[in-house]
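Geometric and topological summary
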Amino acid sequence: MFSPNSLLSFRLLLPLLLLFVSCFHGVFSAKSSTPPIKIGKGYRLISFEETPDGGFLGLLQVKAKNKIYGPDIPLLQLYVKHETQDRLRVHITDAEKKRWEVPYNLLPREQPPVSKQTIGRSRKVSLAVTDDELSGPELMLSYTADPFSFAVKRKSNGQTLFNSSSAGSGSFGEMVFKDQYLEISTQLPKDASLYGLGENTQPHGIKLYPNDPYTLYTTDVSAINLNTDLYGSHPVYMDLRNVNGEPSAHAVLLLNSNGMDVFYTGNSLTYKVIGGVFDFYFFSGPTPLGVVDQYTSFIGRPAPMPYWALGFHQCRWGYHNLSVVEDVVDNYQKAKIPLDVIWNDDDHMDGHKDFTLNPTNYPRPKLLAFLDKIHSIGMKYIVIIDPGIGVNSSYGVYQRGLANDIFIKYEGEPYLAQVWPGAVNFPDFLNPKTVEWWGDEIRRFHELVPVDGLWIDMNEASNFCSGKCTIPKGKQCPSGTGPGWICCLDCKNITKTRWDDPPYKINASGLQVPIGFKTIATSAVHYNGVLEYDAHSLYGFSQSIATHKALQGLEGKRPFILSRSTYVGSGKYAAHWTGDNKGTWEDLKYSIATVLNFGIFGVPMVGADICGFYPAPTEELCNRWIEVGAFYPFSRDHANYYSPRQELYQWATVAKSAQNALGMRYKLLPYLYTLNFEAHMSGAPIARPLFFSFPAYKECYGLSTQFLIGSSLMVSPVLEQGKTEVKALFPPGSWYSVFDMTQKIVSKGQYVTLDAPLHVVNVHLYQNTILPMQRGGMISKEARMTPFTLIVTFPAGAKEGQAKGTLYLDNDELPEMKLGNGYSTFVTLYANLNQSSVKVWSDVQEGKFALEKGWIIEKVTVLGLGGSGDTSSLEINGSPVSSDAASDIQLSSTEQKHLLDVEDEEDKQKSLMVEVSGLKIPVGKNFAMSWKIGVF
């Protein structure tokens, strides 16, 4: 759905606004590179003691008070604890008054103890606290008492990961802690590579760029705006370093939901936060995968996705009636392009109201008949829900909400805003009664329309108006004739409180707009008196939790939720798409960095609107975008009301590219689903930067034009207009094309120019891998039941080698994704090359489910084998097998082709693709097969 601000900027004011943002960006960047204003002299540590839970508790006293951005909080509580072997927490808050923190029921974690020490005129506290260090298994914390600072070091190599001391630094001052302004910094080595701090569209790629602005505050601003606070807030970064060829990664999370600016200069990083507390978590890694494992262990493992969610999705704002939707489904089938899920934006609603159906354009009997038809073949249907509930006396959803008193309040009354239905109130998802009411409304709607998932949008929260509003008398609002996103309520700006006009202005919307602009007034009140000022960036997160609970309670099935606004922990409940992008080559390129960042954020099910949301992609661009989008974890074509139709069948050339790229995706579904399982178990991203698998290879640290699916499958797309080749970086080792497995690249770590005509996307598989694939199909339900092929890769021409892979299968409707319930199977696949013999075998856990489904392996393809091409002595499970012409089982070999001009004699070695076909090996049983290969 459109962002009101972004739509205006696009259709009416885009050139002017972008020029203004560009100029302002230059000012902002220039400011961040000049010496900063240093505020105060920091704090001194005046007491420190061990706590019964194994942590340490201290008191910090301000050294010299000042009134810049408000008075200092005079006494702070410091709490330090090594919470796990690889996680260290540093928590700093007011020692005398409770302050806002991310609610512990939303993001479960340990609560710090409360200090019993106080400072008063009658109590003397020793000030002779000396500098010291606290050592844990992987990390140690050292501190300086006066002025107070702390440093976190890695024990194994002594590297300083975080150091808040300003000593010797011209970049920042001492720690500041005021009611509405908190500041703390860390020194950084110049060669550190940082990733994260989103959500924003980063023009320089995935790696953080010195002096770019990083503002975190959930905002309905289009993703076409660069370096701007967008829909989500993720105050976490990963730091990857390489010292003398030894890579190590760690992460730093500041768990704080208040708006903040983060200034990264290249050798320092400074947080400027407008409320809350300092609640730092340090994750030791030392591998990128280890970091994400530790991070998601804390914030919540990513949600398991149903199998069909990994198929292709089609949506558009502007499917005016049901017959249009039916035609879309029919046209995909006629074009032989895979499609699993059809979506409705708000076209199905009655007057844009949640949980309703338009009786004329989407009559319920016809819609139910359509759903019966698509459900019978395994297709799914998802609709949008916005949080704003239309103010309407005849609207049952609203009336029940009023009766349950579940709306956010302003001056004792439900806060009035405007979104698509017109005047709305916003449910308060911090209120337990709201969660119950929301679940009941979803249940009622599901009885009306058996949808298969929900899309929660506009939940930053977006508001077409600002300030305190009333419904105008004597005129219709909205009028029904003009743009629906123009504010038509009678509104007055709210500036009378320090919550609406805080002393420090974050760079909101990239323009330092008021933080209540086009959202809920920040002095509005949630449940238990919580201010919107504090809870603003949690709105979409809390709605995701409530929606997940509601969907899981409906039929006991695995929920699918797509949310635009996200926060730390959202991945436990929802998928995400990158919001309102545009059909441009630049937006195609930007999408990769954003998708990769969300994998680091613990939201691995992510993708961008394929072909762009805003008009209008060219035919060539849409060809190239589906070649990228077919490999997004979440793959969906979506366009807006004013765009020309851009379903993949609209152009014959795009249809061909879609058949090719999505055809490969559907063959790879078992691999993608296994990655979904890995993500749920360990947080491992589905789409990953190359440095996740090659952390020692510095050349890939800033690479944002290629990406990995899992650990070994590399996508190298065309991202520029008019190009029919692509210059791709290949880390050292052997790589094999999955579209033509006779092609190999043996790289020493170099760029390779690959042919890439219009319908070709280059996807390569790395050595030492076993990749499970199936035959594919037009829908995941049918593709899932086809026989398997195992692709085994060894280093090209090697005489010895090992390869490994995994395969996870389950009943994807069950809420939990796990072994041990009788409805899942996990297979570890192994291969070994030893001089003149090859062996491939499996280790099956809980094979009953796979056996009941009848899954079989029909082919094993081994790539990179040396030798003469002669194969013999095939054995399966210890029994000799004939592969003569009369046998179903055939053993064949094909010489592979170098795609590089190879000068090194060692790399010129001949290598073979050997296929064993005609197999009927049950996936659910351990198997072993071997054969001999001829040697030169």
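Keep in mind the model is a prediction, meaning the values are calculated, not measured.

Before going further, it helps to spend a moment on the overall build of the protein. On a plain count of helices and strands, the protein comes out with 14 helices and 53 strands. At 29 Å, the protein has a C-alpha radius of gyration in line with the 30 Å of a compact globule built from 936 residues. Each principal axis of the C-alpha atoms in the protein carries an extent, and together these give about 95 × 70 × 50 Å. Every one of the 936 residues in the protein was classed for burial, and the buried ones make up 63%. When contacts within the protein are restricted to residue pairs at least 6 apart in sequence, those whose partners lie at least 24 apart make up 71%. Accessible surface, the protein as shown: approximately 33200 Å² in total, 50% of it carbon and sulfur. Of the side-chain charges in the protein, 84 are positive and 93 negative, and the distance between the mean point of each set is 4 Å.

For Pro502, the position within the fold is in the loop between β28 (490–492) and α7 (532–535). For Pro502, a relative accessible area of 4% gives the class buried. Excluding its chain neighbours within four sequence positions, the residues that come into contact with Pro502 are Gln180, Ile515 and Tyr533.

Here we come to the nonpolar core. Of all hydrophobic cores here, the largest spans 196 residues; its most connected members are Leu253, Ile342, Phe426, Phe560, Phe631, Leu648 and Ile709. Sorting elements by how many residues they give to this core places helix α9 (residues 585–600) first, with eight residues. Ignoring anything within four residues of it in the chain, the contact list for Phe426 reads Pro387, Gly388, Ile406, Phe407, Ile408, Tyr415, Ala417, Val419, Ala461, Ser462, Ile520 and Tyr539.

All right, on to the sheet that holds strand β30 (residues 575–577) then. Taken together, nine strands build an open sheet; the order of strands is β31-β30-β29-β26-β20-β19-β18-β33-β32 and the sheet is parallel. Because the sheet does not close on itself, it has two edges, and the strands there are β31 (606–607) and β32 (609–610). Two elements, β30 and β31, share two bridges in a ladder whose sense is parallel. Residue pairing in the sheet places Trp577 in a bridge with Gly607 of β31. Its contacts with the sheet place helix α8 (residues 539–555) against β26 (453–456) and β29 (561–563), and it is angled at close to 170 degrees to β29.

Let us look at the packing of α9 against helix α10 (residues 619–629). Put simply, α9 and α10 touch, their axes get as near as 10 Å, and they point 5 degrees apart. The angle between α9 and α10 places the two elements in the roughly parallel class. Seen from α9, the contacting residues are Trp585, Asp587, Leu588 and Ile592; seen from α10, they are Glu620, Leu621, Arg624, Trp625 and Val628. Within the contact of α9 with α10, the residues separate by chemical class into six nonpolar, no polar and three charged.

So, about the layout of surface pockets. In this structure, the largest pocket encloses a volume near 950 Å³. Along its surface, the largest pocket is lined by 38 residues, and Trp100, Glu101, Val102, Pro103 and Val530 are the ones closest to its centre. Breaking the lining of the largest pocket down by element, the ones donating at least two residues are α6 (432–448), α7 and α8. Take the lining of the largest pocket: its biggest share by element is five residues, from α8. Classifying every residue of the lining of the largest pocket gives 20 nonpolar, nine polar and nine charged.

A complete count under the given rule lists four disulfides for this structure. Linked covalently through their sulfurs, Cys465 and Cys487 form a disulfide whose S-S length is 2.0 Å. Classification of the bridge connecting Cys465 and Cys487 rests on its S-S torsion, roughly 105 degrees, and on that basis the disulfide is right-handed. Of this pair, Cys465 sits in the loop between β26 and β27 (468–470) while Cys487 sits in the loop between β27 and β28, placing them 22 residues apart in sequence. When its relative accessible area of 1% is taken as the criterion, Cys465 is described as buried. Paired by a disulfide, Cys469 and Cys491 hold their sulfur atoms 2.1 Å apart. Residues Cys469 and Cys491 share a disulfide whose torsion about the S-S bond is about 110 degrees; that sign makes it right-handed. Here the residue Cys469 occupies a position in strand β27, and Cys491 occupies one in strand β28, the gap between them amounting to 22 residues.

A few words now on the pairing of strand β16 (residues 268–273). Where burial is concerned, most of β16 is hidden: six out of the six residues are buried. Because side chains alternate across β16, one face comprises the buried residues Ser268, Thr270 and Lys272, and the other comprises Leu269, Tyr271 and Val273, equally buried. The pairing of strand β10 (residues 182–187) with β16 spans six bridges and is antiparallel. Within β16, the residue paired with Ser185 across the bridge is Thr270. Across five bridges, the pairing between strand β15 (residues 260–264) and β16 is antiparallel. Paired with Asp261 across the strands is Lys272, a residue of β16.

The next thing to look at is the UniProt feature "domain: Glycosyl hydrolase family 31 C-terminal" (unreviewed entry) in the protein. Here, the residues flagged by UniProt with the feature "domain: Glycosyl hydrolase family 31 C-terminal" (unreviewed entry) are residues 683–771. Annotated as 0% helix and 44% strand, the span residues 683–771 places its first and last C-alpha atoms 20 Å apart.

Analysis parameters
Residues numbered from 1 in each chain as written. Predicted model: local features only at pLDDT ≥ 70, side-chain atom pairs only at ≥ 80, totals over all residues. Heavy atoms only, no water. Helix = DSSP H or I, 4+ residues; strand = E, 2+ residues; numbered from the N terminus. Rg over C-alpha atoms; globule rule 2.2 N^0.38 Å. Buried < 20%, exposed > 50% of the residue type's maximum accessible area, 1.4 Å probe, protein only. Contact = heavy atoms within 4.5 Å. Areas by Shrake-Rupley, 256 points an atom, 1.4 Å probe, with all protein chains shown as cover. Lys, Arg positive; Asp, Glu negative; His and termini not counted. Charge placed at Lys NZ, Arg CZ, Asp CG, Glu CD. Core = buried A, V, L, I, M, F, W, Y, C linked by side-chain atoms within 4.5 Å. Pairing = 2+ DSSP bridges. Axes fitted to C-alpha atoms, helices over the stretch in contact; angles between N-to-C directions. Parallel < 35°, antiparallel > 145°, perpendicular 65-115°, else oblique. Nonpolar A, V, L, I, M, F, W, Y, C, P; charged D, E, K, R; others polar. 1 Å grid on protein atoms, 1.4 Å probe; cavity = no way out; pocket = protein on both sides within 12 Å on 5 of 7 lines; lining within 4 Å. Points joined across faces, edges and corners; volume = space filled by probe spheres on them. Disulfide = S-S within 2.5 Å. UniProt positions renumbered as here; feature names shortened; annotations may be inferred.

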